[in-house]
Amino acid sequence: MTEHETYLRGPVVVFGTGLLGTSIGLGLSHRGLQVLLSDPSPSSLAVAVDIGAGTPLKDSPGVWPELVVVAAPPDVCAAVVADALERFPAAVVVDVSSVKGAILRELEALSARNHLDLSRYVGTHPMAGRERAGAVSARGELFNAMPWVVCPHQGSTTAAIQVAQNLALDLGGLLSRFSPEEHDEAVALVSHFPQMMSSLVAARLQEAAPHALSLAGNGLRDVTRIAASDPSMWVPIMAANAESIVGILHAVHEDLIKLIGTLDAPAAPGASLAMAKVISAGNAGQARIPGKHGGPAQPYAWLSVLVADEPGQIAQLLTEIGEIGVNLEDLRLDHSSGLNAGIVEISVLPAKRDLLIDELTVRGWKVLQ
């Protein structure tokens, strides 16, 4: 395809102008497709329209969309999908909720009463987001190179599945195909459970003394980053996927009981080995997370560079690393307590570490090894 070609023909109707719905509207509108928006909140709809995500659906009566995208919370998603299937009898209807099984079960119950044409329905889930919700946080490029899971049910037609896949492809997503049950088990482990644990860790900080928090580094920030997520978004997700999440929490509960027993008597025979096994099991699990470009994780080498807290310093550092001819694998930024400086943590291939240290030192950078 050329830059302006699309797999979808349109029009596309988007119900829900939060972060995902508005980002979908922006991305498709930028590709030249007609996008029509609807939301129960007039202010949210107005923001989405103002930033170019589409035009109000109410201004286009009699439209015959190719695709309807439901970007509604899990607790109301099935009802909106059912309404869309009845309202637009020629359209494929997809949802982008982060749970699939509960929505499908509710739709099947609704269909038993109202004879919905579920053959035109396909569940999907773009694995992309931000800590902040709402149309004002939307980005048309939000889905570029991000996983987009298509979860057809047994009755989904081949044509409907293809339209659902076309949506992901037009927005730059990386297609995966799961059953609804496989999807919910997977996201419980890699998304919903981490959110719960991050929130639980961050909650322990509420009564912490300021002088204790002044010692916080990147480790704590990494663990608690997603604890800043919107509760109104997560409560329906937790409820809808509770069965999958609670099984993982029970397993962690057992691990915690064992660890507490070990730490109650840290000098007892076998306690050191038990503690080491906890950390080693974490090492093994962390190593299974896919690395750069989705391949196996690699053991990169890290070094830290002290930079003055002044405009242009980080840009200058990155420019000089490029001049040296070393490719960055990862980068993190921390702040030095008590100094008007920052610390840039750089990840490179192990074979390039010594070269980079020597070259940066010659150029006047302070490298912390």
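Predicted, not measured: the structure shown is a model, and the values here were computed from it.

Colleague: How should the packing of aromatic side chains be read in this particular structure?
Modeller: In this structure the tally under the stated criterion is 2 aromatic pairs. On the numbers, 5.1 Å between centres and 55° between planes, the contact of Phe143 with Trp148 is tilted. Here Phe143 matches Trp148 in class, with each residue buried.

Colleague: Honestly, the pairing of strand S6 (residues 121-126) in this entry has me stumped. Any pointers?
Modeller: Within a regular strand, side chains alternate between the sheet's two faces. For S6, a buried count of 6 out of 6 residues is recorded, marking the element as mostly surrounded by other parts of the structure. Residues Tyr121, Gly123 and His125 of S6 are buried on one face, and the alternating residues Val122, Thr124 and Pro126, pointing to the opposite face, are buried as well. Alignment of strand S5 (residues 92-95) against S6, held across 3 bridges, turns out to be parallel. Paired with Asp95 across the strands is Gly123, a residue of S6. Taken together, S5, helix H4 (residues 101-114) and S6 form a β-α-β motif whose crossover is right-handed. Bridging between S6 and strand S7 (residues 147-151) involves 4 bridges; their strand directions are antiparallel.

Colleague: Can you walk me through the packing of helix H10 (residues 242-264) against helix H11 (residues 271-287) in this structure?
Modeller: What describes two packed helices is the angle between their axes and the distance between those same axes. Across the interface, H10 lies against H11 with an axial gap of 9 Å and an inter-helix angle of 140°. Crossing hand, H10 versus H11: left-handed. Across the interface between the two elements, Leu259, Thr262 and Leu263 of H10 pack against Ala271, Ala274, Met275 and Val278 of H11.

Colleague: In this structure, what is going on with the packing of helix H6 (residues 180-203) against helix H9 (residues 231-240)? I would like to understand it.
Modeller: One can describe the packing of H6 onto H9 by two numbers: an axis separation of 11 Å at closest approach and a directional angle of 120°. In this view, H6 runs oblique relative to H9, as classed from their interaxial angle. Regarding H6 and H9, the two cross each other, and that crossing is left-handed. When H6 is examined against H9, the residues Ser191, His192, Gln195 and Met196 are found in contact with a partner set consisting of Trp234, Ile237 and Met238. Residue classes in the contact of H6 with H9 are distributed as 4 nonpolar, 3 polar and no charged.

Colleague: What's the story with helix H5 (residues 158-170) in this structure? I'm lost.
Modeller: For an α-helix, the turn length of 3.6 residues means that residues three or four places apart are oriented alike. With 13 residues, H5 extends 18 Å from end C-alpha to end C-alpha; this agrees with the ideal 18 Å at 1.5 Å per step. Here the buried face of H5 lies against helix H1 (19-30), strand S4 (67-70), S5, S6, S7 and strand S8 (174-177).

Colleague: In this structure, what is going on with the pattern of salt bridges? I would like to understand it.
Modeller: Oppositely charged side chains can form a pair if their charged atoms are brought close together. Evaluation of the coordinates by the stated rule reveals 7 salt bridges. Note that Arg363 is salt-bridged to Glu323, the shortest N-O span being 3.0 Å. With a gap of 40 residues between them, Arg363 in the loop between helix H13 (350-362) and strand S12 (366-368) and Glu323 in helix H12 (residues 313-324) connect regions that are remote in the sequence. Judged by its relative accessible area of 36%, Arg363 is partly exposed. Relative accessible area serves as the criterion here: at 52%, Glu323 is assigned to the exposed category. Note that Arg353 is salt-bridged to Asp354, the shortest N-O span being 4.0 Å. Exposure remark for Arg353: the relative accessible area of 22% places this residue in the partly exposed category. You can call Asp354 exposed: its relative accessible area is 52%. What you see here is one network of salt bridges that share partners, running through Glu320, Glu323 and Arg363.

Colleague: Explanation requested: a nonpolar patch on the surface in the structure shown.
Modeller: Taken together, the side chains of Ile314, Leu318, Leu331 and Leu333 make up a nonpolar region of the molecular surface, amounting to roughly 290 Å² of accessible area. Listing elements by their share of the nonpolar patch, those giving two or more residues are H12 and strand S10 (330-335). Relative to the helices and strands, Leu318 resides in helix H12.

Colleague: In this structure, what is going on with the domain arrangement of the chain? I would like to understand it.
Modeller: Interfaces are often sized by the accessible area lost when the parts come together. What the domain assignment reports for the chain is domain 1 (12-178), domain 2 (187-287) and domain 3 (301-368). With centres defined by C-alpha atoms, the gap from domain 1 to domain 3 works out at 43 Å.

Colleague: Explanation requested: H4 in the structure shown.
Modeller: Taking 1.5 Å as the rise per residue, H4 with 14 residues should run 20 Å; its terminal C-alpha atoms sit 20 Å apart, in good agreement. Along H4, the residues that are buried comprise Gly101, Ile103, Leu104, Leu107, Leu110 and Ser111. Here the buried face of H4 lies against helix H3 (74-87), S5, S6 and H6. Phi for His115, located one or two positions after H4, is positive at around 55°.

What counts and what doesn't
Residues numbered from 1 in each chain as written. Predicted model: local features only at pLDDT ≥ 70, side-chain atom pairs only at ≥ 80, totals over all residues. Heavy atoms only, no water. Phe/Tyr/Trp six-rings, centres within 6.5 Å; stacked < 30°, edge-to-face > 60°. Buried < 20%, exposed > 50% of the residue type's maximum accessible area, 1.4 Å probe, protein only. Helix = DSSP H or I, 4+ residues; strand = E, 2+ residues; numbered from the N terminus. Pairing = 2+ DSSP bridges. Right-handed = clockwise from strand over helix to strand, strands pointing away. Axes fitted to C-alpha atoms, helices over the stretch in contact; angles between N-to-C directions. Left-handed = near helix turned anticlockwise from the far one by under 90°. Contact = heavy atoms within 4.5 Å. Parallel < 35°, antiparallel > 145°, perpendicular 65-115°, else oblique. Nonpolar A, V, L, I, M, F, W, Y, C, P; charged D, E, K, R; others polar. Expected span 1.5 Å × (residues − 1). Salt bridge = Lys/Arg side-chain N within 4 Å of Asp/Glu carboxyl O. Patch = residues over 30% accessible without salt bridge, like charges linked within 9 Å, V, L, I, M, F, W, Y side chains within 5 Å. Areas by Shrake-Rupley, 256 points an atom, 1.4 Å probe, with all protein chains shown as cover. Domains from an automatic or database assignment.

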